[in-house]
Amino acid sequence: MKNTKDYSILVGGAAGQGSRVAGLIIAKLFNRLGYNIFIHEDYQSLIKGGHNFSQIRASEEEVLSHRNEADFMLALDANTIAKHKDKLAKKGTLIFNQDKIQFDTGIGVKIDTITKELGGLPIMSNTALIAAFAKMTGISWAVLEDVLKKEIGKGIEKNLEIARKAYDESQEVVKIEKLKNKPKPLLTGNEALALGAVKAGLDNYYAYPMTPATSILHYLAAHEKECNVTVSQLENEISVINAGIGSAFAGKRTMVGTSGGGFALMTEGISLAAQAETPILVIDSQRSGPATGVPTYNGQSDLLCVLASGHGDFLRFVVAPGDAQESFYWTGKLLNLAWQYQTPAILLTDKDISEGTFTFDEAVLKKVKKEKDSVWNGKGEYKRYLDKENGISPMAFPGQPGAIVKAISYEHDEYGISTEEEAQIVKMQDKRLRKFEAMQNAVDEMEGTVKVYGNLKSKKVVICWGSTKGAVKEAAEHLGLKVVQPVVLQPFPEKQMYAALKGAEKIVSVELNSTGQMEQILNSHGIEADKRILKYDMRPFTAQELEVQFKKI
Amino acid sequence: MEKLETSCSNTWCPGCGNFGLLAAVKEAVNSLIESGTPKEKIVIVSDIGCNSKIADYLNLNSFYGLHGRSIASAEGVKLANSDLKVLVFLGDGAALDEGISHLIHAAKRNSDINVFLLNNRLFALTTGQFTAVSPKGMKGKSTPEGSVEDPINPLELMMASNATFIARSYALKVQHLKNLIIEAVKHKGFSLVEVLEPCISFFNTMQFYGEKAYEAVNEDPSSKEKAMALIREWNYSEEGRVPLGLFYKIEKPSYEEQMNKKEEGREADIAKCIQSHI
């Protein structure tokens, strides 16, 4: 083991065996002991069978990526060992389901037998495996019992009975030391972004199910009351965005969520929101494409599509967060920006953030609130598209006495009545152009649009975006390189990028796509990369594989 | 009487059936205002097509959206603020070609919106092509030899989609249409009023409807059988009689009253959500 307490645990099984829940419970055990957590989920597009696994990282330091080498491997089925045995560390421990697997090394536990003898359901075998692991790693029964009670609602009594027996029948192998840190919340990127939107005053969420954005829909639907939001699943993504824009027109802060294919269907609506100047927040959680691609695996190939989404001349806000914390902050910020500038705003996340689990620092909660937007003062005649100097016309909503509110997809006059007059067309486009300028100015003044990590003095700079932040940051910090992460991508924070790259002699660009989409954007701003590291097997980078590449710089 | 005109000059063809629609809508809206609906609570949601220009011609709140998507936008408006009376105006191309999925699902979920399907049985603003309700053999610019498709019956489709209010009127029968608009708005839940319209430039059916359209009497609008008999009386061809009137009406909880969970003025309890993640 290294000096830093840093454990990697792999839990695998067939879909339906509960390996994902087992992974989360193990992460929560480490969380109770004060460790920082990151979980990477790997699962297939099927319901039963196949092979799913979770890679849990538990460290005394902040971690945002997984390690492939496993200190502990928990196998619910034989496939887990067949696929991953090479990943087991030299001194690593293999714990396996002895009822399903015969293997000459490692520790077998008869989890199916224990479960069956106590009259449990087959899925409860995963509880037996967790309990055996807890005993082997010196985690107290009290901690295990507490976590199980919290995580397992239905059938907890039977689960505890099974856990107790598996716990008692196992022997301690190694003692995981308890740290001084208090347990912290563990959130997936999607949970964090949902809560960020709620904190900024979300009223309505609309979606059509699509991996990896579906868990936003599930989370908000399950927490409608606490979050005080109305959640609707509609017939398709076209309906979703048009209904969302309808709700925003009626005065409600609205978010819609999807992945690349659904986003493509929404783009006409994004154009509508731009023309009607109706705020809408769109989440695109990327997975690999084109088309259906590899549905449950990652990719960063929607960037250019998102930056140019919707027909016509207009600007939209686009932000790509790199972890759960940033997802919370920027989703809240984007909802505010969408309303302040009456424009479409897109949060571009990806599968490994959306479905990855992160230790969440509650300090970020205070940084998001529902910010003020520009509303009509109720005086005089109301004009939805009043020609203001900053291009931002105050909003009124239907139902408000004294105002006739007319929003429109056609080019229009100040009242919102369609027009084909040259002078009127130019006047309205000029109004919107001044608004786009105001959006650019806002980005220029905004904090955190470009983040910098690692050795700030290094002349070797790695540029990353979205989920690649995790592995890049870890590898670069280890090797003493500088990392630059553009977070706001439209309007582009050119000034901050130039400042962050000042003095750079070697620039490396890292992306999860095959054509270097971010690099193309950088090029358009006069930034040239000396080397590109691209990956498109749809799996995330690990810090270890990046270090090998970074050493060649 | 409220002045409902705007400064926008009307660009419909002289003699267009939409003038009948506009007159009926103005009268119905005035009647609603007189009976206590505040003007500011009325919202017009409009599609793209000749009839949808009505948004420009009415001094009322309006959302003039995308082709085929007006029904989806209207559902969003209603879910956001259930106090609003939402009147959707769209043509047969929008409702039955481009946006048919939204029509079916809005009916299915009983969204409390009022859909006025202005049916001139072709695309007019794009200068005359067949739609889902054009008669077979219709010669248009995209089908010079005649369309090979049989029309669908949109009211049968609405019945199959669980609509709770199905009616048909004729744009040139202004009083008939006005009364159905008022009834539709008063109906709690989804309402579909098909408004037959001649297109004097590309498909002038004025003589046909003048001869064939009649005001049917339906003493029991809750009867599916009676409704279906009226709905099936005309198959959207050049033959048969064309019944007008309220064909079907039943009461069911609306989508919005069941789905709207947002409580105004109550803070979200994010701390509680976060705690559950430890």
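For the structure itself, look to the data block above.
First, a word on what this report is: a plain description of the structure on this page. From a predicted model like this one, the values you see are computed outputs, not experimental measurements. Here the residue numbers are simple positions, counted from 1 along each chain's written sequence. All chains are assigned letters beginning at A, and all ligands numbers beginning at 1, according to the order in which they are written. Whole-chain, interface and lining totals are the exception, using all residues; otherwise, since this is a predicted model, local features are given only for residues with pLDDT of at least 70 and side-chain atom pairs are given and counted only at 80 or more.

### Examining the overall build of chain B
Operational definition: Only runs of H or I of at least four residues qualify as helices and only runs of E of at least two qualify as strands under DSSP, and these elements are numbered from the N terminus. This radius of gyration counts C-alpha atoms alone. The globule rule is 2.2 Å times how many residues there are, raised to the power 0.38. Placing a C-beta atom from the backbone of each residue, one calls two residues in contact when those atoms lie within 7 Å.
Helices and strands together make up the secondary structure of chain B, namely eleven helices and eight strands. Taking 2.2 N^0.38 as the reference for a compact globule, 278 residues should give roughly 19 Å; the C-alpha atoms of chain B span a radius of gyration of 20 Å, in line with that estimate. Overall size of chain B, expressed as C-alpha extent along the three principal axes, is 70 × 45 × 40 Å. Contacts in chain B between residues far apart in sequence, at least 24 positions, make up 69% of those at least 6 positions apart.

### So, the overall build of chain A
The line we're drawing: Residue burial is a threshold on neighbouring C-beta atoms within 10 Å of the residue's own C-beta, all placed from the backbone, with 20 or more meaning buried, 12 or fewer meaning exposed, and counts in between meaning partly exposed.
Tallying secondary structure elements over chain A gives 19 helices and 21 strands in all. Rg of the C-alpha trace for chain A: 25 Å, near the compact-globule value of 24 Å for 553 residues, within the 12% margin. Each of the three principal axes of chain A carries a C-alpha extent, and together these read 80 × 55 × 40 Å. Among the 553 residues that make up chain A, the fraction classed as buried is 56%.

### A look at the interface of chain A and chain B
Reports often express the size of an interface as the amount of accessible area lost when the parts come together. As a reminder, the rule being used: Basically, the charged four are Asp, Glu, Lys and Arg, the nonpolar ten are Ala, Val, Leu, Ile, Met, Phe, Trp, Tyr, Cys and Pro, and anything else, Gly included, counts as polar. Should DSSP find at least two bridges between two strands, the strands are regarded as paired.
Taken together, the contact pairs 51 residues of chain A with 43 residues of chain B. Those elements that provide at least two residues to the side of chain A that touches chain B are β7 (186-188), α7 (189-199), α9 (224-227), β9 (230-233), α10 (237-249), α11 (260-276) and β15 (406-408) of chain A. Ranked by residue count, the leading element in the side of chain A that touches chain B is α10 of chain A, at nine residues. In the side of chain A that touches chain B, the residues fall into 24 nonpolar, 16 polar and eleven charged. Sheet topology note: the β15 of chain A/strand β2 (residues 61-64) of chain B ladder contains three bridges and is parallel.

### Re the sheet that holds strand β18 (residues 482-486) of chain A
All names here are of chain A. The test is simple: Throughout, an axis means a line fitted to C-alpha atoms (over the contacting stretch in the case of helices), and angles, computed between N-to-C directions, take values from 0 to 180 degrees.
Pairing within the open sheet is mixed, and its five strands lie in the order β16-β18-β17-β20-β21. Across the chains shown, the open sheet's two edge strands, defined by having one partner strand only, are β16 (450-454) and β21 (531-534). Shown here is a sheet whose adjacent strand axes are inclined to one another by a mean of 20°, direction ignored. The pairing of strand β17 (residues 460-463) with β18 spans three bridges and is classified as parallel. Its bridge partner lying in β18, I463 is registered against V484. Each of β16, β17, β18 and β20 (506-511) touches helix α16 (residues 468-479); the most contacted strand, β16, lies at about 35° to it. Along the sheet face, helix α18 (residues 517-524) touches β17, β20 and β21 and points at about 140° away from the line of β20.

### Here's the deal with the packing of helix α3 (residues 70-80) of chain B against helix α5 (residues 100-108) of chain B
Residues and elements named next belong to chain B. Their axes nearest at 8 Å, the elements α3 and α5 cross at an angle of 35°. Between α3 and α5, the contacting residues are I71, A72 and E75 on the first element and H102, L103 and A106 on the second. Its residues assigned to classes, the contact of α3 with α5 comprises four nonpolar, one polar and one charged.

### Some words on unusual backbone geometry
At the junction of T211 of chain A and P212 of chain A, the peptide bond is cis and its omega measures out at 0° in the coordinates. Tracing the backbone through its elements, the reader meets P212 of chain A in the loop between β8 (204-207) and α8 (214-222). In the segment running from G289 of chain A into P290 of chain A, the intervening peptide bond is cis, with an omega of -5°. Topologically, P290 of chain A is positioned in the loop between β11 (280-286) and α12 (303-307). One non-glycine residue, R121 of chain B, lies in the positive phi region at around 60°.

### Quick word on the nonpolar core
For soluble globular proteins, the rule of thumb is that nonpolar side chains tend to be buried together. The cut-off we apply is this: Note on terminology: a nonpolar core is any set of buried Ala, Val, Leu, Ile, Met, Phe, Trp, Tyr and Cys residues joined through C-beta atoms within 7 Å.
Formed by 238 residues in total, the largest nonpolar core has its most connected members in I26, L129, V319 and V462 of chain A together with V88 and I166 of chain B. Those residues in contact with I26 of chain A, other than ones at most four positions away along the chain, are I9, V11, I56, I130 and F133 of chain A. Core analysis: the second largest hydrophobic core is formed by eight residues, C50, F123, C199 and F203 of chain B among them.

### Regarding the sheet that holds strand β7 (residues 213-215) of chain B
Here nine strands make up an open sheet; going across it, the order is β15(A)-β2(B)-β1(B)-β3(B)-β4(B)-β6(B)-β5(B)-β8(B)-β7(B) and the pairing mixed. Across the chains shown, the open sheet's two edge strands, defined by having one partner strand only, are β15 of chain A together with β7 of chain B. Each neighbouring strand pair of the sheet contributes to a mean axis angle of 20°, computed without reference to strand direction. Pairing geometry for strand β1 (residues 42-46) of chain B and strand β3 (residues 85-91) of chain B, over five bridges, is parallel. If you follow I42 of chain B over to β3 of chain B, its bridge partner there is K85 of chain B. Docked against the sheet, helix α7 (residues 174-186) of chain B engages β3, β4 (114-119), β5 (165-170), β6 (191-196), β7 and β8 (242-249) of chain B, running at close to 160° with respect to β5 of chain B.

### With respect to the environment of L186 of chain A
Here L186 of chain A is to be found in strand β7. For the pair L186 of chain A and H51 of chain A, spaced 135 residues apart in the sequence, the C-alpha separation amounts to 24 Å. When sequence neighbours within four positions are dropped, the list of residues in contact with L186 of chain A reads A27, K28, N31, I37, T357, T359 and F360 of chain A together with H277 of chain B.

### Details of α5 of chain B
Where α5 of chain B is concerned, the buried positions are H102, L103, I104, A106 and A107 of chain B. One or two steps after α5 of chain B, the chain reaches N110 of chain B, where phi turns positive at roughly 55°.

### Details of the pairing of β21 of chain A
All names here are of chain A. Quick reminder of the rule: A crossover gets the label right-handed when its path from the first strand over the helix to the second runs clockwise, viewed with the strands pointing away from the viewer.
Strand direction decides the pairing type here: β20 and β21, joined by four bridges, are parallel. Across the sheet, residue S509 finds its bridge partner in β21, namely R532. For the handedness criterion, the β-α-β arrangement of β20, α18 and β21 is classed as right-handed.

### Describing the packing of helix α4 (residues 125-136) of chain A against helix α6 (residues 156-169) of chain A
All names here are of chain A. We count it as follows: Angular relationships are summarised with four words: roughly parallel below 35 degrees, roughly antiparallel beyond 145, roughly perpendicular across 65 to 115, and oblique for the angles in between. The handedness criterion is simple: a crossing whose near helix is rotated anticlockwise from the far helix by less than a right angle is left-handed, and one whose near helix is rotated clockwise is right-handed.
Contact geometry of α4 with α6 gives a least axis separation of 8 Å together with a crossing angle of 40°. Between α4 and α6, the crossing angle belongs to the class labelled oblique. Judged by the twist between their axes, the crossing of α4 over α6 is right-handed. Across the interface between the two elements, T127, A128, A131, A132, A134 and K135 of α4 pack against N159, I162, A163, A166 and Y167 of α6.

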